[in-house]
Every structure is written in structure tokens, then in C-alpha cells.
Amino acid sequence: MADETGGGAEQAPMVWALSVREVASGPPYAEAIVEVGPELHSWLVEGTMSSGFTLAAGEPPATTAVVEVRGHRLTRLVLVGGREVWEPASLVEVSPTWLSAAEGRAGVVVIVVPPGTWPPGLMDLPPHTRIDVFTRSLEDARTAGLVLHGMADIDTDIDTA
């Protein structure tokens, strides 16, 4: 995470997961699920709320947020009219399917989850179990009213790999 002063990246972990959600009608949704550590969570919540995010219920609202993709990588989430920038600490590769869904909807559903939504040891589980465990954890956080969502514009420049 970095802001206009460039600080913050060393303060808390930032975890991203990308998924494609199929719907009954229309093109699928590209989703970017993000969790930061407790030190920065309230700051991320404030930034997303200022950008138009709401509690995750129903359709995600349009926001002023922008997800930037460069060279087939998610590079930044820009909030609050460009005054707040969140950058993954490690590479977040986007699949062609995810990118196609994002471009098909002209945006990305960004889902902000509270610290601890990613259960400890999640990545050590087999893939199918991992998805089930994370889905339950995400649904628990959503039911508790702790998850925010919003539709962010997508800004791609995949030729700059």
C-alpha cells in the first residue's frame, strides 16, 4: 500500500485474490478480493467508502475507484480521486479469463474483507478444500456486515510488459 507520500507498504500485509463470477444473465464479473492487516484496515475502509463502496449486499455500486493492470498484472487500486493508491507487495497475475470478464463489464468488482478472512494455513490446503474454506470465511464476514464492495473502472495497458 502506498499513498501520495509513498509510505505504508511496510506496515501491514496485503493479500489479493482474483476470481471470475458467472451470473445467470450477462457477462461474468471479474472480482478482486483484498485484505490488509489490522494496522491499515480502517484506512482502506475509509478510502473505499469515500470512493463509493457500500456494504456487500446486492449489486455492487458504481465507484470512483480504478483498478490498474499493466503487463498482465494487477498493479494498483486507486481510490479517492487518485489521492490514495494501494499496491500489492507481491505480483498479482491476471488470467486472460479474468481480464476478459473485466473488459466485458468495463470494470472490476472490488471486495474488501476484514483482517483474518484468509484463514491461517489456507494456501497449504488442497485447491478444492481451499476454495470451500475461503468461501465459508468470506460468507461469514459478509453476513456479519464486515465486507465492502464496489465496481471499479479497469485501466489496462497490457502491452507494457
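Structure: see above.
A quick note: this is a predicted structure, and the numbers were derived from the prediction, not measured. (Residues numbered from 1 in each chain as written. Predicted model: local features only at pLDDT ≥ 70, side-chain atom pairs only at ≥ 80, totals over all residues. Heavy atoms only, no water.)

Student: Help me understand the nonpolar core, please; the structure alone is not making it clear to me.
Tutor: In summary, soluble globular proteins display a tendency toward joint burial of nonpolar side chains. Residues V67, W98 and V110 are the most contacted members of the largest nonpolar core, which totals 28 residues. When contributions to this core are tallied by element, the ones reaching two or more residues are strand 2 (14-21), strand 3 (29-36), helix 1 (38-50), strand 5 (62-70), strand 6 (73-79), helix 2 (96-105), strand 8 (108-113) and strand 9 (148-157). Counting residues per element, this core draws most heavily on strand 3, at four residues. If near-sequence neighbours (up to four positions away) are discounted, V110 is found in contact with A32, V34, F53, V67, L77, L148, H149, G150 and A152. One finds I33, V109, F134 and A141 within the second-largest nonpolar core, a separate group that totals 14 residues. (Core = buried A, V, L, I, M, F, W, Y, C linked by side-chain atoms within 4.5 Å. Buried < 20%, exposed > 50% of the residue type's maximum accessible area, 1.4 Å probe, protein only. Helix = DSSP H or I, 4+ residues; strand = E, 2+ residues; numbered from the N terminus. Contact = heavy atoms within 4.5 Å.)

Student: Hey, could you run me through unusual backbone geometry in this one?
Tutor: When glycine is set aside, most residues are seen to have a negative phi, and most peptide bonds are trans. A positive phi angle is found at H72, which is not glycine, with a value near 65°. Within the secondary structure layout, H72 lies in the loop between strand 5 and strand 6. Backbone geometry at A106 places phi at a positive 55°, although glycine is not the residue there. The topology assignment puts A106 in the loop between helix 2 and strand 8. Accessibility expressed as a relative area gives 51% for A106, which makes it exposed.

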